[in-house]
Amino acid sequence: MNRLDTICTICPRGCRLTVTKENDQYNVQGNFCKRGVDYGIKEITRPVRKLTSTVKIKGAMYSRLPVYTDNELPKEMLFDVMKALENVEVNAPVKAGDVIVANVLNTNVNIISSRTMNNIE
Amino acid sequence: MIDVCIIGGGAAGMSAALGALENGAQKVMIIEKDKELGGILNQCIHNGFGMHYFKEELTGPGFAEKLQEKLKNYDLDIKLDTMCVKITPDKEVHYINGNEGYQVIKAKSIVLATGCRERTRYQIDIPGKRLAGIVTAGLAQRYLNMDGYLIGKKVFILGSGDIGLIMARRLSLEGAEVLGVAELMPYSNGLKRNIVQCLIDFNIPLYLSHTVVDVKGNGRLEQVTIAQVDEKFQPIPGTEKVFDVDTLLLSVGLIPEIKLLTDQKVQLNPYTKGIKVLDTFETSIPGIFACGNALHVHDLVDYVSLESYDAGKHAAKYSNDNSPVVEVVPKNNVRYVVPNQVKLNNDEEVMFKYRVTKPIDKGTLVIKQGDKVIKEMKKFFLLPSEMETITLSKSVFTDTDNITFEVRIDE
Ligand SMILES: Cc1cc2nc3c(=O)[nH]c(=O)nc-3n(C[C@H](O)[C@H](O)[C@H](O)COP(=O)(O)OP(=O)(O)OC[C@H]3O[C@@H](n4cnc5c(N)ncnc54)[C@H](O)[C@@H]3O)c2cc1C
Ligand code: SF4
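Every value quoted in this text rests on a predicted model; they were computed, and no experiment measured them.

Enquirer: Mind laying out the domain arrangement of chain B, listing which residues take part and the relevant values?
Expert: All names here are of chain B. Per the domain assignment, the segments making up chain B are domain 1 (1-118 + 253-320), domain 2 (120-252) and domain 3 (323-411). Once you take the C-alpha centre of each, domain 2 and domain 3 turn out to be 35 Å apart. Each side of the interface is counted separately: domain 2 has four residues, and domain 3 has six residues. Interface area for domain 2 against domain 3, summed over the two sides, is near 310 Å², with a carbon-plus-sulfur share of 60%.

Enquirer: Any details on the site of ligand 1? Residues and values, ideally.
Expert: All names here are of chain B. Within the structure, ligand 1 sits among 31 residues, and Ala-12, Glu-32, Ile-40, Asn-293 and Val-301 are positioned closest to it. A distance of 3.1 Å separates a nitrogen atom of ligand 1 from a polar backbone atom of Lys-33. One nitrogen or oxygen atom from the main chain of Gly-48 is found 3.5 Å from a nitrogen atom belonging to ligand 1. Protein chains shield 91% of the accessible area of ligand 1, which is 1,000 Å² for the free molecule. At the level of secondary structure, the elements contributing two or more residues to the shell around ligand 1 comprise helix H1 (11-21), strand S3 (47-49), strand S6 (83-87) and helix H7 (301-316). Across the shell around ligand 1, the residue classes tally to 15 nonpolar, 13 polar and three charged.

Enquirer: Which residues make up the sheet that holds strand S3 (residues 25-29) of chain A, and what values do they have?
Expert: Sheet strands pair by backbone hydrogen bonding; their relative direction is either parallel or antiparallel. All names here are of chain A. The antiparallel open sheet is built from three strands, whose spatial order is S1-S2-S3. A single partner strand is all that each edge strand has here, and the edge strands are strand S1 (3-7) and S3. The average undirected angle you get between the axes of adjacent strands in this sheet is 20 degrees. Sheet contacts for helix H1 (residues 35-45): S1, strand S2 (16-22) and S3; angle to S3, the most-contacted strand, approximately 125 degrees.

Enquirer: Go over the environment of Val342(B) with me, naming the residues and quoting the values.
Expert: Residues and elements named next belong to chain B. On the secondary structure map, Val-342 appears in strand S22 (residues 341-343). Looking at Val-342, the relative accessible area reads 0%, which means it is buried. Val-342 sits 16 residues away from Val-326 along the chain, and the two C-alpha atoms are 5.4 Å apart. Setting aside its immediate chain neighbours within four residues, Val-342 contacts Asp-279, Pro-324, Val-325, Val-326, Val-328, Phe-352, Lys-394 and Ile-403.

Enquirer: Please set out the site of ligand 2 residue by residue, giving values where relevant.
Expert: Taken together, Cys8(A), Ile10(A), Cys11(A), Arg13(A), Gly14(A), Cys15(A), Asn31(A), Phe32(A), Cys33(A), Arg35(A) and Gly36(A) form the complete shell of residues around ligand 2. For the shell around ligand 2, the residue count by class is six nonpolar, three polar and two charged.

Enquirer: Give me the lowdown on the side chain of Thr6(A), citing residues and values where you can.
Expert: Counting through the fold element by element, Thr6(A) comes out in strand S1. A relative accessible area of 5% means that Thr6(A) is categorised as buried. Setting aside chain neighbours within four positions, we find Thr6(A) in contact with Cys15(A), Arg16(A), Leu17(A), Tyr39(A), Val196(B) and Ile200(B).

Enquirer: An account of the nonpolar core is requested, with residue identities and associated values reported.
Expert: Residues and elements named next belong to chain B. Of all hydrophobic cores here, the largest spans 60 residues; its most connected members are Ile-7, Ile-87 and Leu-112. The dominant element in this core, judged by the number of residues it contributes, is H1, at eight residues. Those residues in contact with Ile-87, other than ones at most four positions away along the chain, are Ile-7, Glu-92, Val-93, Ile-110, Leu-112, Leu-260, Leu-261, Gln-264 and Ile-288.

Enquirer: Got a sec to walk through the packing of helix H2 (residues 78-86) of chain A against helix H4 (residues 162-173) of chain B? Specific residues and values, please.
Expert: Put simply, H2(A) and H4(B) touch, their axes get as near as 10 Å, and they point 65 degrees apart. Here Leu78(A), Phe79(A) and Met82(A) of H2(A) lie close against H4(B), whose contacting residues are Arg170(B), Ser172(B) and Leu173(B). A class-by-class count of the residues in the contact of H2(A) with H4(B) yields four nonpolar, one polar and one charged.

Enquirer: Help me get a handle on the confidence of the model for chain B, residues and values and all.
Expert: Averaged over chain B, the pLDDT score is 93; the fraction of residues at 70 or greater is 99%. Model confidence for the complex is summarised by a pTM of 0.85, with the ipTM given as 0.91.

Enquirer: Go over the state of the cysteines with me, naming the residues and quoting the values.
Expert: Defined simply, a disulfide is a covalent bond joining two cysteines at their sulfur atoms. Residue and element names in this part refer to chain B. Tallying each qualifying case throughout the model produces zero disulfides over all chains. Here Cys-44 is not disulfide-linked; the sulfur of Cys-116 is the nearest cysteine sulfur, at 10 Å. Residue Cys-44 is classed as buried on the basis of its relative accessible area, which comes to 11%.

Cut-off values and rules
- Residues numbered from 1 in each chain as written.
- Chains lettered and ligands numbered in written order.
- Predicted model: local features only at pLDDT ≥ 70, side-chain atom pairs only at ≥ 80, totals over all residues.
- Heavy atoms only, no water.
- Domains from an automatic or database assignment.
- Contact = heavy atoms within 4.5 Å.
- Buried area = accessible area lost by both parts, 1.4 Å probe.
- Near = heavy atom within 4 Å.
- Polar contact = N/O pair within 3.5 Å; in protein donor to acceptor, adjacent residues only side chain to side chain.
- Areas by Shrake-Rupley, 256 points an atom, 1.4 Å probe, with all protein chains shown as cover.
- Helix = DSSP H or I, 4+ residues; strand = E, 2+ residues; numbered from the N terminus.
- Nonpolar A, V, L, I, M, F, W, Y, C, P; charged D, E, K, R; others polar.
- Pairing = 2+ DSSP bridges.
- Axes fitted to C-alpha atoms, helices over the stretch in contact; angles between N-to-C directions.
- Buried < 20%, exposed > 50% of the residue type's maximum accessible area, 1.4 Å probe, protein only.
- Core = buried A, V, L, I, M, F, W, Y, C linked by side-chain atoms within 4.5 Å.
- pLDDT = per-residue confidence, 0-100.
- Disulfide = S-S within 2.5 Å.

Given below as structure tokens:
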């Protein structure tokens, strides 16, 4: 990517940033303070995100179990991880904090259960 | 006889129960119409909860479970699948459930913690036919996150508050195409982090100063038309844009759920359209308290829990105290202040929460009692979407004039 228009989320001021790349040099514009430069460069070079979603659960009060990643994923892998979760199905009971998928797609990130769901069958 | 009866078992109700139990109430009851405790938290599967209250970042269901764990240390009566249909000034609670039928019990004090409901299409006057596929964002969130139903494949969202933004990301991740988000105001009410991580990340355009002017379809929604609005929020002819979609999500505001109290002619606060309360969270009906989203819409569940704990504590300590009560009034550039009244009965601290009417880069918060300035404080980057707080000792208020809050704009 050679250009990114985004907003700095470090403080409530929320500067509108334009990050451009020229001859391997990154240039950040629109930042009010220096922290915006680091933020902008990270967002264009290696942005990371946490992911929350749900997986299928059998035998529980609801048909979906909410899950979260215990660490940040590279942003471009969000859809791959969603795809990997599509076929995951667990059986109640599940406890909050249980590992649902370990080391998902070799990212060193685990998919964790957000809550306890008892077996009601 | 119940000491404290709490209506609603969301974050507010559970925290109020803790506050009551940890401050001397013996018999506490929670009445919850859903099949489990947790309220809206159970469907808010994203993270961003708990940083203040539990000092760790949690998902909504994770936050609810932590509160439930705390409650397990106490003996209390939790009635699930139970609907409260009436409360009275002499503190009768009428409820219905499948096992017991219609019951009436008496409590020494009552805490209303019934949360809020979403504004619908009819409250914002979207023109056009009645069609399937026009849904509130919170309802779509519940279908998706708890029942596993995707509400549509091609979606447009009206309203750029956090709920709308979070749903834009959730629907995109689940494979729906989100064609855009329209916002009536010239700025978004959502957190900056959500604008970046829910819209920019998914290349979803945000149309500021736009609203929906028409919906078309045959049974199910097929087309949404938006238009730019002028300063008076009137659509500008010629600015229309048309989107082929099967779903329109509405994220256009929340209204405190207070029918149980308005039925009893409780006094209202004209700014929040919620209930008027003392700093102890007591309403105009002695012994009936209100907290959480039923009192005013909160952005952060952490504040819901802190406030509701206090409400529960005061409900437990409830007595007919006759100390003077003074009004708290919003003035220039301040939209509202909660609490609306303060009971000057002791030296305790009171936390005021307020919102400004428009974005202010640089200003001074001025708090007065009558003509006397009690406190002045410089403020930067105030936004209507972000609730501000200030904590003062009650001993600074020395007479019985109204307390006023204003923000002076500084150059
Ligand atoms: C979609 C959404 C996203 C949010 N995202 C965040 C976030 O990212 N971070 C954050 O900190 N906060 C967030 N919040 C805010 C926070 O979650 C809420 O402010 C808080 O959970 C509200 O708690 P409450 O107990 O007041 O209301 P609720 O959770 O709504 O609880 C009210 C309860 O009362 C019950 N009830 C109502 N009427 C009756 C009756 N007559 N009889 C019996 N029971 C009744 C209901 O069933 C419900 O369980 C979000 C809120 C929403 C709506
Ligand atoms: S660039 Fe600096 S001032 Fe601007 S939002 Fe980022 S941290 Fe805040």
